[in-house]
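# Per-entry structural report
Each chain, letter by letter, is given below.
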Amino acid sequence: MGILAERMKELRLEKKMKQVEVAEAIGVSTTAYCNYEYGQRDPQTATLVALAKFYHVSTDYLLGVNEPTPEKKAKIILASNSPRRRELLGQMGLKDFKVSAPNVDESVENGLSPAQIVEQLSRRKAQAAAKKAGLNDLIIAADTVVALDGTVLGKPHSTDEAFAMLSSLSGREHHVYTGVTVLQGERAVTQHEETAVSFRVLEPDEIWGYIATGEPMDKAGAYGIQGLGALLVSGIRGDYCNVVGLPLFRLGRMLSGFGIYLLQNKEQTKP
């Protein structure tokens, strides 16, 4: 079987279509299409063009002209170990991505705003992941912080610190910032999203009860909105996914600038 026949079959299976359905879509008989896919005949130029248009690929790709080998094709890489970010990326429709979470220095210079901090750290993570990636691979990196009155609240180091954080958030509005970097080759785009979150007034016994679940101890700001922490939240202004750790609306817009359109049938190159 030649390259053309192999790619016809590969693309058809990706779309989960039957041979008769593809034949009808490109205007040929089922018998003719089957002959093409089985490598028994080559399609005419008009049929080849119709096939390429149907699958949103080039005719050169179908024919195997100047195409990279599979190991050199671009991959999408999430530079994070966070299971929540992996779930959110999958929720966007990105299923075939790799995870590479490099260890980076997360210290930053004094005087930076929360937005500047998350943007700087997301860029740092993306650049570190890119060192182990292919030249055409697309890297997605993010960093999230919780801030109260402009002061960043990190992960608590003790139950007493968790209690102090949650007590400070009780009955007040705070802000969650996530910086996102999309990097491919020499091009990198970094943005951030900000969401306002309000806590209801918390009783000390409730705070200690929440801490006893263990959930606050590995969370910025000592709570996780996707878990039991949702019981503490009285309101949100902005992107809920941003509070979980990855602002999907903003990331979707950023990815479209790199030719990835998530509301179409498949990824395709931006015209």
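Residues numbered from 1 in each chain as written. Predicted model: local features only at pLDDT ≥ 70, side-chain atom pairs only at ≥ 80, totals over all residues. Heavy atoms only, no water.

Along the backbone of the protein there are eleven helices and seven strands. Taken over C-alpha atoms, the radius of gyration comes to 24 Å for the protein, far larger than the 18 Å a tight globule of 271 residues would show. Projecting the C-alpha coordinates of the protein onto the three principal axes gives extents of approximately 75 × 35 × 25 Å. Residue burial in the protein is summarised as follows: out of 271 residues, 44% are buried. Taking contacts inside the protein between residues at least 6 apart in sequence as the whole, the part at least 24 apart equals 63%. If you sum the accessible surface of the protein, you get close to 14500 Å²; carbon and sulfur atoms cover 50% of it. Computing the positive centroid from 31 side-chain charges and the negative centroid from 32, the protein places the two 6 Å apart. (Helix = DSSP H or I, 4+ residues; strand = E, 2+ residues; numbered from the N terminus. Rg over C-alpha atoms; globule rule 2.2 N^0.38 Å. Buried < 20%, exposed > 50% of the residue type's maximum accessible area, 1.4 Å probe, protein only. Contact = heavy atoms within 4.5 Å. Areas by Shrake-Rupley, 256 points an atom, 1.4 Å probe, with all protein chains shown as cover. Lys, Arg positive; Asp, Glu negative; His and termini not counted. Charge placed at Lys NZ, Arg CZ, Asp CG, Glu CD.)

A few words now on the confidence of the model for the protein. On average, residues of the protein carry a pLDDT of 90, and 94% of them reach 70 or more. Across the protein, the secondary-structure element scoring lowest on mean pLDDT is helix H5 (residues 59–63), at 84, and the one scoring highest is helix H9 (residues 204–212), at 98. (pLDDT = per-residue confidence, 0-100.)

Moving on, we come to the pattern of salt bridges. Scanning the entire structure with this criterion turns up seven salt bridges. One salt bridge connects Asp143 with Lys125, and the closest N-O pair in it is separated by 2.9 Å. A residue pair is termed long-range when its members are at least 10 positions apart, and Asp143 in strand E3 (residues 138–148) and Lys125 in helix H7 (residues 114–130) qualify at 18 residues. Both residues of the pair, Asp143 and Lys125, count as buried. Of the charged contacts in the structure, one is a salt bridge between Glu206 and Arg200, with a shortest N-O distance of 2.9 Å. Given a relative accessible area of 32%, Glu206 falls into the partly exposed group. Among the residues examined, Arg200 registers a relative accessible area of 30% and is labelled partly exposed. (Salt bridge = Lys/Arg side-chain N within 4 Å of Asp/Glu carboxyl O.)

Counting 41 residues, the largest nonpolar core has Leu89, Ile140, Leu166, Phe199, Tyr223, Leu251 and Leu255 as the members making the most contacts within it. Per element, the largest residue contribution to this core is five residues, and it comes from E3. With residues near it in sequence (within four places) discarded, Leu166 still touches Phe199, Leu202, Ile207, Tyr210, Ile211, Gly221, Ala222, Tyr223 and Leu232. If you look at the next biggest cluster of nonpolar residues, it comprises 17 residues, including Ile26, Ala32, Tyr36 and Leu51. (Core = buried A, V, L, I, M, F, W, Y, C linked by side-chain atoms within 4.5 Å.)

Here we take up the packing of aromatic side chains. The final tally for this structure, using the stated rule, is three aromatic pairs. Seen in terms of ring centroids, Phe199 and Tyr223 are 4.9 Å apart; in terms of plane orientation they differ by 75°. Their pairing is edge-to-face. With Phe199 in strand E6 (residues 187–199) and Tyr223 in the loop between H9 and strand E7 (233–237), this pair connects stretches of sequence that are 24 residues apart. Tyr223 matches Phe199 in its accessibility class, with the two residues each being buried. (Phe/Tyr/Trp six-rings, centres within 6.5 Å; stacked < 30°, edge-to-face > 60°.)

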